[in-house]
Amino acid sequence: LSKKMVWETYQYFSQAEKLSIAKVWIPNPIGPLENEDRLLPIFAKMWKKGETPKLTVPRLVYDHVPAEWLANSYVKAVEDILGATTPTEKHYRPSAFVLSNEELVNRFKGALEKSLGKKLEYNISEDPNFKLGALRKNSDTCPELKDEKLVNEFWDSYANYLST
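Residues numbered from 1 in each chain as written. Predicted model: local features only at pLDDT ≥ 70, side-chain atom pairs only at ≥ 80, totals over all residues. Heavy atoms only, no water.

## A look at the packing of helix H4 (residues 101-116) against helix H5 (residues 148-163)
Packing of H4 against H5 leaves a shortest axis separation of 8 Å and a crossing angle of 70 degrees. Comparing their axes, H5 and H4 come out roughly perpendicular. Judged by the sense of rotation from one axis to the other, the crossing of H4 with H5 is right-handed. Contacts from Leu104, Arg107, Phe108, Ala111, Leu112, Lys114, Ser115 and Leu116 of H4 reach H5 at Glu148, Val151, Asn152, Trp155, Asp156, Tyr158, Ala159, Asn160, Leu162 and Ser163. Taken together, the residues of the contact of H4 with H5 sort by class into 10 nonpolar, 4 polar and 4 charged. (Axes fitted to C-alpha atoms, helices over the stretch in contact; angles between N-to-C directions. Helix = DSSP H or I, 4+ residues; strand = E, 2+ residues; numbered from the N terminus. Parallel < 35°, antiparallel > 145°, perpendicular 65-115°, else oblique. Left-handed = near helix turned anticlockwise from the far one by under 90°. Contact = heavy atoms within 4.5 Å. Nonpolar A, V, L, I, M, F, W, Y, C, P; charged D, E, K, R; others polar.)

## Some words on the pattern of salt bridges
What the rule picks out here adds up to 7 salt bridges. Across the pair glutamate 8 and lysine 4 runs a salt bridge whose closest N-O atoms are separated by 3.8 Å. Taken together, the residues glutamate 8 and lysine 4, both in helix H1 (residues 2-16) and 4 residues apart, mark about one turn of the helix. Given the relative accessible area of 39%, glutamate 8 is considered partly exposed. Classification of lysine 4 by relative accessible area gives exposed; the value is 51%. Between aspartate 80 and lysine 76 there is a salt bridge whose closest N-O contact spans 2.9 Å. Taken together, the residues aspartate 80 and lysine 76, both in helix H3 (residues 67-83) and 4 residues apart, mark about one turn of the helix. Here the salt bridges do not stand alone but share partners, grouping Lys109, Glu113 and Lys119 into one network. (Salt bridge = Lys/Arg side-chain N within 4 Å of Asp/Glu carboxyl O. Buried < 20%, exposed > 50% of the residue type's maximum accessible area, 1.4 Å probe, protein only.)

## Here's the deal with unusual backbone geometry
In this structure, lysine 18 takes a positive phi of about 55 degrees despite not being glycine. Tracing the backbone through its elements, the reader meets lysine 18 in the loop between H1 and strand S1 (21-24). Of note, leucine 33 is a non-glycine position whose phi angle comes to about 70 degrees, a positive value. As for its position among the elements, leucine 33 is in the loop between strand S2 (28-30) and helix H2 (39-48).

Here it is in structure tokens:
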């Protein structure tokens, strides 16, 4: 509610002053410097200790966007707004890896196994009380996602970061 109220106030005053505005819809940012209490950093920490993590909500789906790619969306938004010749309102919805938690862990696990040089395991113990919410994903595919080299570099660099 508060985000909506802030946006509507920003929108109102921007229109009143004939200013261009942009809104970037933030999905689930992932990557180096991600909060340590998030899924992949927790799994990496446990794997480094030789523990076997447990995934309790494997089917939950999010739109995971590398933080660097999200930053590129902000740069594009600023460039577009600064380049606008008339007042405009633009929305940016960066999207990258629309994956279930299980798919996300498996994608990351492959990169981390390569970085650590060992096989990693995890268990699935689905929480029967967890209710899946509506799928929320953004609509603007990040251009980086089209370059397999950039995709692999992201996963490898993220795994290397969390393996140290």
